[in-house]
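# Residue-level structure breakdown
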Amino acid sequence: MRLEIPTSAERFGANLFYKVQKIYELDGGHGVDSEFESRYHVIQQIPYERIHEIEKDLAIVIPVKDERLRLLEGVLCGIPHDCLPIILSNSKSEPIDRFRMERSMVDTFCRYAKKKYIIAHQRSPEIARLFLEGGYPHLIDEEGLVRHGKAEGMLAGIALANLAGKKYVGFIDSDNYFPGAVFEYVRIFSAGLSQGKTPYSMVRIQWHSKPKIVENDLFFAKWGRVSRITNQYLNQFLGHFTGYETEVLRTGNAGEHALSMPLALSLDYSTGFSVETHHFVSMMEKFGGVMPAPFPEIMKSGVEIFQIESRNPHLHEVAKGDDHINEMIEYSLSVLWHSAICPANLKTEISTELNRLKIIRKNASPVKLRQYPVLSDIDFEAAGRTIDWSQHGNYIPA
Ligand code: GDD
């Protein structure tokens, strides 16, 4: 890949939030191009070999809930061969067993492609046992199973990726219409992660556009209703601490993102669709230097957050109504509002915004969402003893 060097950034404590990087070429070529050696060059080349090195250590978690099988198959097809797909499903088993259908399609696809993979149902007793034996009961509900929700599936995916020995973990939604876009996202994850100068890095994708039909014409919208609002308040939150107004954060709701495993295990998480915005809250709280730092070694090494703009348009299932959009807005702003370091004036602005959008009543607080502590609390040795890998696709950790 050939892309901009991440030069300007906002610093908040140990966090470096880089401005969005633009891609020049999706394939940067083999070997190192010496033309890029000049210190004054603003574009960098990430050679294919470097991308490949990361891909071998990268698991891609695909959360699925009752999506069309063809879409899921297209997503699998877009994942570079050396990455390990981990399909985490919360699909129905009644009246039709959708998980069985997914499992059968994935088994066949991966057998034909000779691809290694892991598949699990989020609500299976075995996944629950993994967390219980690992001494992490927070995800378990009254039925003794992992709770419903996208974030909950993602956390199960991170735990499996770590048990599988992977150094990086990325996320791709299962309802993407374009395998080519999926392929690009994973390449961006690898290119972004290869830039990390510390063991703690994250890559977040800013979609190039989301095509829509407007008056019989294609219109390539840049911002969705949710991300426009989330990013505005996220930047205000950051600006409050740096003392400078900023627009650097553009990826508050990035469903497509990847993390180095040490960072993934050091963040705490918020439920459902608030998970992506909460990454920022967790990083600002834990590594911002305003609250006591739980991980002194991270404060020393620093955390790097790369935001990269994809080139493919993003086309996914859109049959989601206003209630879903409003819930996502409330969830995203709620994690800012309830943060222990959220300034009082920002709380007032957020409440006013939610009231203006008719999501909460005047002077009411946004819903307080369930939070999960850091995954490094899991005893992975004990958790690993519960897993029978032969039941979960075709992957046995070395
Ligand atoms: N395992 C699991 N468990 N997967 C789930 C669950 C669940 O409870 N709920 C949803 N999913 C899967 C869906 O099948 C889909 O692949 C993905 O998670 C995203 O869910 P959608 O319902 O399609 O979300 P969206 O398109 O409105 O929002 C997506 O994009 C946002 C950015 O615009 C999500 O990725 C958001 O988290 C993201 O902020």
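Everything discussed here concerns the structure shown above.
Reference entry: report on the structure contained in this document. Numbering of residues starts from 1 in every chain and runs along the sequence as written. Two thresholds apply to this predicted model, a pLDDT of at least 70 for residue-level local features and 80 or more for giving and counting side-chain atom pairs, whereas whole-chain, interface and lining totals are computed over all residues. Based on all heavy atoms of the structure, the side-chain values leave hydrogens and waters out of the count.

## Some words on the pairing of strand β12 (residues 217-221)
Within a regular strand, side chains alternate between the sheet's two faces. Strands are treated as partners if at least two bridges between them are detected by DSSP. The helix count covers DSSP runs of H or I at least four residues long, the strand count covers runs of E at least two residues long, and both are numbered beginning at the N terminus. Both strand β11 (residues 210-214) and β12 contribute to a ladder of 5 bridges, which runs antiparallel. Pairing of P211 across the sheet is with F220, part of β12. Counted between consecutive antiparallel strands, the loop separating β11 from β12 contains 2 residues, among which E215 sits at a positive phi close to 45°.

## Comments concerning the site of the ligand
Close contacts around the ligand come from 21 residues, with E67, D173, S174, K320 and H324 the closest. Interatomic distance of 2.7 Å between a backbone N/O atom of N253 and an oxygen atom of the ligand. Interatomic distance of 3.3 Å between a side-chain N/O atom of H316 and an oxygen atom of the ligand. Residue-level accessible areas treat just the shown protein chains as cover; the underlying method is Shrake-Rupley with a 1.4 Å probe. In isolation the ligand offers 740 Å² of accessible surface; the protein chains occlude 92% of this area. Whether a residue is near a molecule or strand depends on its heavy atoms: if one lies within 4 Å, it is near. Identification of polar contacts relies on pairs of N or O atoms within 3.5 Å, with a donor-acceptor requirement for protein atoms, meaning one able to donate a hydrogen and the other able to accept it, and with residues adjacent in sequence counted only if both atoms are side-chain atoms.

## Description of unusual backbone geometry
In this chain, E94 is followed by P95 through a cis amide linkage whose omega measures -5°. Mapped onto the fold, P95 is located in the loop between β7 (84-89) and α3 (98-113). The phi angle at K358 is positive, at roughly 60°, despite the residue not being glycine. On the secondary structure map, K358 appears in the loop between α12 (344-356) and β16 (371-372). Of note in the backbone geometry, N363 takes a positive phi value of approximately 65° without being a glycine.

## What about the sheet that holds strand β4 (residues 23-25)?
Taken in spatial order, the 3 strands of this open sheet run β4-β1-β5, and their pairing is antiparallel. The outermost strands of the open sheet, each flanked by one partner alone, are β4 and β5 (43-45). When strand polarity is set aside, the average angle formed by the axes of neighbouring strands in this sheet is 30°. Pairing analysis gives 3 bridges linking strand β1 (residues 2-4) to β5, with the strands arranged antiparallel. Axis definition: a line fit to C-alpha positions, over the contact stretch in the case of helices; interaxial angles, taken between N-to-C directions, run 0 to 180 degrees.

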